[in-house]
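# Topology and contacts: notes
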Amino acid sequence: MLQQILRDMYIDPELLAELNEEQKQILFYKMREEQLRRWKEREEKARMEEAVLRKTARRNQSNGKRVQWLRGKDGEVWVWVMGEAPGDKPYEQISEELIAERARQQAQREAEELWRQKEAEITKKFRDAMAQEKARIVAEKWKIETEDRKAAKLEEEKIQEELKKREEEERQKGEEQIRQQEEIRAKELYLSLKQAQQHSQHSDDDQEWEEQWTDISSAIEELWEKTEKGISNKHKRVSLLVGAFDKMLNFEVSSPQFSYTLSKQVLNINNIWERPSRPFSRDVIIRWFKEEQIPRRAGFERNTNRIAQWFHGIISRQEAEELLMNKSEGTFLVRVSEKIWGYALSYRQQSGFKHFLVDASGDFYSFLGVDPNRHATLTDLIDFHKDEIITSSGGELLLEPCGQQKNPPDYSPLFE
């Protein structure tokens, strides 16, 4: 989120209102640093361009253009007529070589385009498989204790190496398939261009010329359909591998007031979730939470499948302050934010309330513009700040969680 703000040099007023004074000062300082960096970069670029222009101008002034004809032994201008000089190739041979080269280059371009599409598809499939495997490891609590963390790390590296090896095998198969199609395509284009040339030499009928190129287009479409069918078959084989990871991710989540079963409906690979640039509706936020946060166990207690007492759903700033109104200093809750892909931690202090944004747009959790520490899970962030203050000026420690006051709880829509 911070990188996006610095890239656009703009922050939404509603998002700015969610930041406290210390967060605002840090954010404005970083934006000023980015402005200075861009200014220096523009100045350096302008200086380099000016130096190049001056060098070019000096070269043009010193070097005058002139033409000098090459002369033969007899002193006359040397003239070469293609095909008449010793060692020259006949026109027909040169024409045929040009046609073959054009066909080869066209087939090579088409093969490169097919390979780019196939490579993107293969990379995406294996990246999704790795993400699913990482979610499974987190769900099974492999990283809770020190020994479990080491064992989980070794297991994760082993699985990633296996997936990379399979990805490399898939790439090699794809390259071989594209190479074979390139050779076939070069031959087809060569024959088509040769026929078109012969036809154009014996007929001046434009309609027949158009029909010739229509046949070539039909051949291109037929080759593309075959290629799409081959890619589809490889997609089915990779889907079987991803399906195996999918089956391992079924586990049941329960609380005294609510139960939820994580199933293929949440981690359905065939229904790919693409996150928008920012949340624009409650339905999109709920979809984001189900697709990305439940697999990462956001909102759960560390050692159980119960919802944490401090976790709340999509509630407003005012609703959070009403829940904390009669609580003691140090009481807190975490609510799903409507401004960013993340959460807001609402904190009760002696003289009022504080609200801290928690960025969850990447593969970690951290306070936006306040705390440089990155945490693997939302629970890790909360537990860390039970002993470590959030800001040096405020000295905030998370002492007492603020639970639910409604039945059903306000987080119910996130788990339905």
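Residues numbered from 1 in each chain as written. Predicted model: local features only at pLDDT ≥ 70, side-chain atom pairs only at ≥ 80, totals over all residues. Heavy atoms only, no water.

## Comments concerning the nonpolar core
Note the cut-off: Residue types Ala, Val, Leu, Ile, Met, Phe, Trp, Tyr and Cys, when buried and joined through side-chain atoms within 4.5 Å, form a set referred to as a nonpolar core. Exposed residues in this analysis have more than 50% of their type's maximum accessible area, buried residues have under 20%, and partly exposed residues fall in between, with area computed by a 1.4 Å probe over protein chains only. In this text, helices come from DSSP runs of H or I with a minimum length of four residues, and strands from runs of E with a minimum of two, each type numbered from the N-terminal end. In what follows, a contact means two residues having at least one pair of non-hydrogen atoms within 4.5 Å.
Judged by nonpolar contacts, the single largest core of 35 residues is most densely connected at Trp288, Phe289, Phe311, Tyr343, Leu345, Leu414 and Phe415. Considering each element in turn, this core owes the most residues, five residues, to helix α7 (residues 282–293). Sequence-distant contacts of phenylalanine 289, that is, excluding residues within four places in its chain, are made with Ile294, Ala298, Phe311, Tyr343, Leu414 and Phe415. Core analysis: the second largest hydrophobic core is formed by twelve residues, Met1, Ile5, Leu15 and Leu368 among them.

## Some remarks on the pairing of strand β5 (residues 352–359)
Note the following rule: When DSSP finds two or more bridges between a pair of strands, those strands are recorded as paired.
Burial within β5 is extensive, with seven of its eight residues counted as buried. The sheet contact formed by strand β4 (residues 342–349) and β5 spans eight bridges and is antiparallel. Bridging across to β5, glycine 342 finds its partner in aspartate 359. The antiparallel hairpin formed by β4 and β5 contains two residues in its connecting segment.

## Considerations on the packing of aromatic side chains
Formally: The aromatic pairing rule takes the rings of Phe, Tyr and Trp, using the six-membered ring of Trp, and pairs them if the centres are within 6.5 Å, calling planes under 30 degrees apart stacked, those over 60 edge-to-face and the rest tilted. Here, a charge over a ring is recorded when the distance from Lys NZ or Arg CZ to the ring centre is within 6 Å and its angle to the ring normal is within 35 degrees.
Inspection of every chain in the model, using the stated rule, returns eleven aromatic pairs. Relative to tyrosine 365, the ring of tyrosine 343 has its centre 6.4 Å away and its plane inclined at 35°; by these criteria the two rings are tilted. With a gap of 22 residues between them, tyrosine 343 in strand β4 and tyrosine 365 in the loop between β5 and β6 (366–367) connect regions that are remote in the sequence. Each member of the pair, tyrosine 343 together with tyrosine 365, is buried. A ring pair is formed by tyrosine 411 and phenylalanine 415, whose centres lie 5.8 Å apart and whose planes are at 85°; its orientation type is edge-to-face. Each member of the pair, tyrosine 411 as well as phenylalanine 415, carries the same accessibility label: buried. By the ring-pair criterion, three or more aromatic residues cluster together here, those being Trp288, Phe289, Phe300, Trp310, Phe311, Trp341, Tyr343, Tyr365, Tyr411 and Phe415. Over the aromatic face of phenylalanine 364 sits the side chain of arginine 374, whose NZ or CZ is 4.0 Å from the ring centroid.

## A few points about the pattern of salt bridges
Cut-off, in case you're wondering: What counts as a salt bridge is simple: a side-chain nitrogen of Lys or Arg found within 4 Å of a carboxyl oxygen of Asp or Glu.
Counting across every chain of the model gives 24 salt bridges. Residue glutamate 119 pairs with arginine 171 through a salt bridge whose shortest N-O separation is 2.7 Å. Remark: arginine 171 occurs in helix α5 (residues 146–202) and glutamate 119 occurs in helix α4 (residues 91–139); sequence separation between them is 52 residues. Taking relative accessible area as the criterion, arginine 171 reaches 16% and is therefore assigned buried. By sharing partners, the salt bridges in this structure join Glu34, Arg37, Arg38 and Glu41 into a single network.

## A word on the sheet that holds strand β7 (residues 400–401)
Worth spelling out the cut-off: Axis geometry follows a simple rule: fit a line to the C-alpha atoms, using only the stretch in contact for helices, then measure angles between N-to-C directions, giving values from 0 to 180 degrees.
Overall, mixed pairing links the five strands, which are arranged β6-β5-β4-β3-β7 in an open sheet. Every other strand in the sheet has two partners, leaving β6 and β7 as the edge strands with one partner each. Bridge count for β5 against β6 is two bridges, and the pairing is antiparallel. Bridge assignment links valine 358 to a residue of β6, and that residue is phenylalanine 367. In this fold α7 packs onto β3 (331–336) and β4, with an angle of close to 100° to the strand it touches most, β4. Sheet strands touched by helix α8 (residues 317–324): β3, β4 and β5. Its angle to β3, the strand with the most contacts, is close to 155°.

## Quick look at the pairing of β4
The side chains of a regular strand alternate, first on one face of the sheet and then on the other. The buried fraction of β4 is high, at seven of eight residues. Taken together, the five bridges between β3 and β4 define a ladder with antiparallel strand orientation. Across the sheet, valine 334 pairs through a bridge with leucine 345, a residue of β4.

## Topic: the confidence of the model for the protein
Note the following rule: What pLDDT conveys is the predictor's confidence in a given residue, as a value from 0 to 100.
The pLDDT averaged across the protein works out to 78; a share of 77% of its residues lies at or above 70. The model gives residues 202–209 a pLDDT under 50, and that stretch makes five contacts with residues more than four places away or in other chains. Per-residue pLDDT stays below 50 along residues 231–270; that stretch engages in 75 contacts with residues further than four places along the chain or on separate chains.

## A closer look at α7
Restricting attention to buried positions, one finds in α7 the residues Val284, Ile285, Ile286, Trp288, Phe289, Glu291, Glu292 and Gln293. Its buried side turned inward, α7 meets β3, β4 and α10 (412–415).

## Section: a nonpolar patch on the surface
For clarity, the cut-off: Each patch groups residues whose relative accessible area exceeds 30% and which form no salt bridge, using 9 Å between like charges and 5 Å between nonpolar side chains of Val, Leu, Ile, Met, Phe, Trp and Tyr. For the accessible areas, the method is Shrake-Rupley and the probe is 1.4 Å, while residue cover comes only from the protein chains on display.
Together, Val67, Trp69, Val77, Val79 and Val81 make up a nonpolar patch on the protein surface, roughly 540 Å² of accessible area in all. Mapped onto the elements, tryptophan 69 comes out in the loop between α3 (21–62) and α4. Taking relative accessible area as the criterion, tryptophan 69 reaches 60% and is therefore assigned exposed.

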